[in-house]
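Coordinate inspection notes
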Amino acid sequence: MATQLSTMFSSDCSKLAMATPDGRLTVWGNGGGSSQLLQQFSPSTHLSAVTTCLAWAPTSLATPKKKKKKPSQSKSDLVAMGTSAGTVLLYSTIQGDLVTTFKTENSTRINSVVWNSSASSLYAAAEDGSVSLFSLATLCLVSTVRPCPGPAHSLALSKDGSILAIGSRNIVIWDTVRQMVVKTVTGHASPVCRLNIVDNFLFSSSVAERVVSVWSMEGPETGSVLSLGVNQGVADFDLHSSGCQVTAAVVTTEGRVAVFKADLSQTLATTLQPV
């Protein structure tokens, strides 16, 4: 997949991180009702190991201690950046520097990173199909698994951390406790580039497709239970849930936003149109 501009808001939406194809990280803030440039950072390896993806840590995390620097006792300020060289850089906006660099086993391109809810660990999906788990307590690689026969393009982790969804050409549902594949769902014709989990349902979209598919992670069914029909290429989507009620905002490649409302407690198996 081609290197693209990566952007992501922090969990409290107070900061926007942007990683450019030349490896630079720029952080913007929205204080005072206007955007402010807070920081720009270029890793020493930015020309040979460009940033391919990024993810903010959840809130209420103190920055891990770096040698010769005092730890910061503040809300989460960490950004994880996957690179084309198979490393994950951990950057602190408070320290204004890297906290550590995680290295995978095979040094293949990182396509996606995701934190657990307590921000004590993070997963990284690689081009060779491997998924690496890193610990912030020890600042080291914990394990590596290879549940996908092809490249792993995207990740989503359940709130309790027990289920990891891995997007390749198919979607692999991985049990992090038992360390095994519990289900594989099929239906996308292109690589699955975006994933999100709401309760026992998984939302996904793939390159060049015009729908967001919804899958049940329970039971033997491997086909989608609901489709959100966009009729334009899906660039990104986000979800808000309250009980079984889910609101999905889908951004299209033509710059439009389609909003969907779904009740996941009802019998689905249909195509839903925007509200």
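Thresholds, definitions, all that
Residues numbered from 1 in each chain as written. Predicted model: local features only at pLDDT ≥ 70, side-chain atom pairs only at ≥ 80, totals over all residues. Heavy atoms only, no water. Helix = DSSP H or I, 4+ residues; strand = E, 2+ residues; numbered from the N terminus. Buried < 20%, exposed > 50% of the residue type's maximum accessible area, 1.4 Å probe, protein only. Contact = heavy atoms within 4.5 Å. Areas by Shrake-Rupley, 256 points an atom, 1.4 Å probe, with all protein chains shown as cover. pLDDT = per-residue confidence, 0-100. Pairing = 2+ DSSP bridges. Axes fitted to C-alpha atoms, helices over the stretch in contact; angles between N-to-C directions. Phe/Tyr/Trp six-rings, centres within 6.5 Å; stacked < 30°, edge-to-face > 60°. Salt bridge = Lys/Arg side-chain N within 4 Å of Asp/Glu carboxyl O. Lys, Arg positive; Asp, Glu negative; His and termini not counted. Polar contact = N/O pair within 3.5 Å; in protein donor to acceptor, adjacent residues only side chain to side chain. Core = buried A, V, L, I, M, F, W, Y, C linked by side-chain atoms within 4.5 Å. Patch = residues over 30% accessible without salt bridge, like charges linked within 9 Å, V, L, I, M, F, W, Y side chains within 5 Å.

1. Comments concerning the overall build of the protein
- In terms of helices and strands, the protein carries zero helices and 24 strands.
- When the 275 residues of the protein are sorted by exposure, 51% land in the buried category.
- Once local pairs closer than 6 in sequence are excluded, the contacts in the protein between residues at least 24 apart make up 39%.
- Accessible area of the protein: about 12900 Å², with a carbon and sulfur share of 52%.

2. Brief notes about the confidence of the model for the protein
- Per-residue confidence for the protein gives a mean pLDDT of 87; residues scoring 70 or more make up 89%.
- Counting interchain partners and residues more than four positions distant, the pLDDT-below-50 stretch residues 67-75 has 18 contacts.

3. Quick word on the sheet that holds strand β3 (residues 25-29)
- With antiparallel pairing, the four strands of this open sheet are ordered in space as β1-β2-β3-β4. With partners counted over all chains shown, the strands left at the sheet margins are β1 (6-9) and β4 (36-41), one partner each. Each strand of the sheet is rotated relative to its neighbour by a mean of 15°, with strand direction disregarded.
- Here strand β2 (residues 15-19) pairs with β3 via five bridges, running antiparallel. Bridge pairing in β3 places K15 opposite G29.

4. Describing the packing of aromatic side chains
- Applying the stated rule across the entire model yields two aromatic pairs.
- Relative to F134, the ring of F102 lies with its centre 4.6 Å away and its plane at 25°, an arrangement referred to as stacked. Taken as a pair, F102 in strand β8 (residues 97-103) and F134 in strand β11 (residues 131-135) lie far apart in primary sequence, 32 residues in all.
- Look at F102 and you get buried, because its relative accessible area is 2%.

5. Some details on the pairing of strand β13 (residues 154-157)
- Judged by which residues are buried, β13 turns out to be covered on both faces: S154 and A156 on one side and L155 and L157 on the other are all buried.
- Of the strand pairs in this sheet, β13 and strand β14 (residues 163-167) are connected by four bridges, and their pairing is antiparallel. Paired with L155 across the strands is I166, a residue of β14.
- Between β13 and the antiparallel strand that follows it, β14, lie five residues; G161 among them carries a positive phi value of about 75°.

6. Regarding the pattern of salt bridges
- On inspection of all chains with the given rule, the structure shows three salt bridges.
- A salt bridge links R146 to E105; the shortest N-O distance between them is 3.4 Å. Pair noted here: R146 is in the loop between β12 (140-145) and β13 and E105 is in the loop between β8 and β9 (110-115), with a separation of 41 residues, a long-range link.
- Taking the shortest distance from any N to any O, the salt bridge between D236 and R194 comes out at 3.8 Å. Within this pair, whereas D236 is found in strand β21 (residues 234-242), its partner R194 is found in strand β17 (residues 192-198), the two being separated by 42 residues in sequence.
- Look at D236 and you get partly exposed, because its relative accessible area is 40%.

7. Considering the side chain of K183
- Tracing the backbone through its elements, the reader meets K183 in strand β16 (residues 180-185).
- Of the side chains bearing the opposite charge, E221 lies closest to the buried K183, which forms no salt bridge; the N-O distance is 7.2 Å.
- Among the polar contacts listed, one links the side chain of K183 to the backbone oxygen of E218, at a separation of 3.1 Å.
- Setting aside residues no more than four positions away along its own chain, K183 makes contact with I171, V172, I173, S216, M217, E218, G219, P220, E221 and T222.

8. What to know about the nonpolar core
- In this structure, F203, V212, L228, L239, V250 and F260 are the most contacted members of the largest nonpolar core, which totals 19 residues.
- Those residues in contact with V250 that lie beyond four places of it in its chain are V212, V230, V234, D236, F237, R256, V257, A258 and F260.

9. A few points about a nonpolar patch on the surface
- Residues V251, V257, V259 and V275 make up a contiguous nonpolar surface patch of roughly 330 Å² in combined accessible area.
- You can call V251 partly exposed: its relative accessible area is 34%.

10. Remarks on the pairing of β3
- In terms of burial, β3 is largely enclosed, as four of its five residues are buried.
- Hairpin geometry of β2 and β3 is characterised by an intervening segment of five residues between the two adjacent antiparallel strands and by a positive phi of about 95° at G23.
- Strand direction decides the pairing type here: β3 and β4, joined by five bridges, are antiparallel. Within β4, the residue paired with L25 across the bridge is F41.

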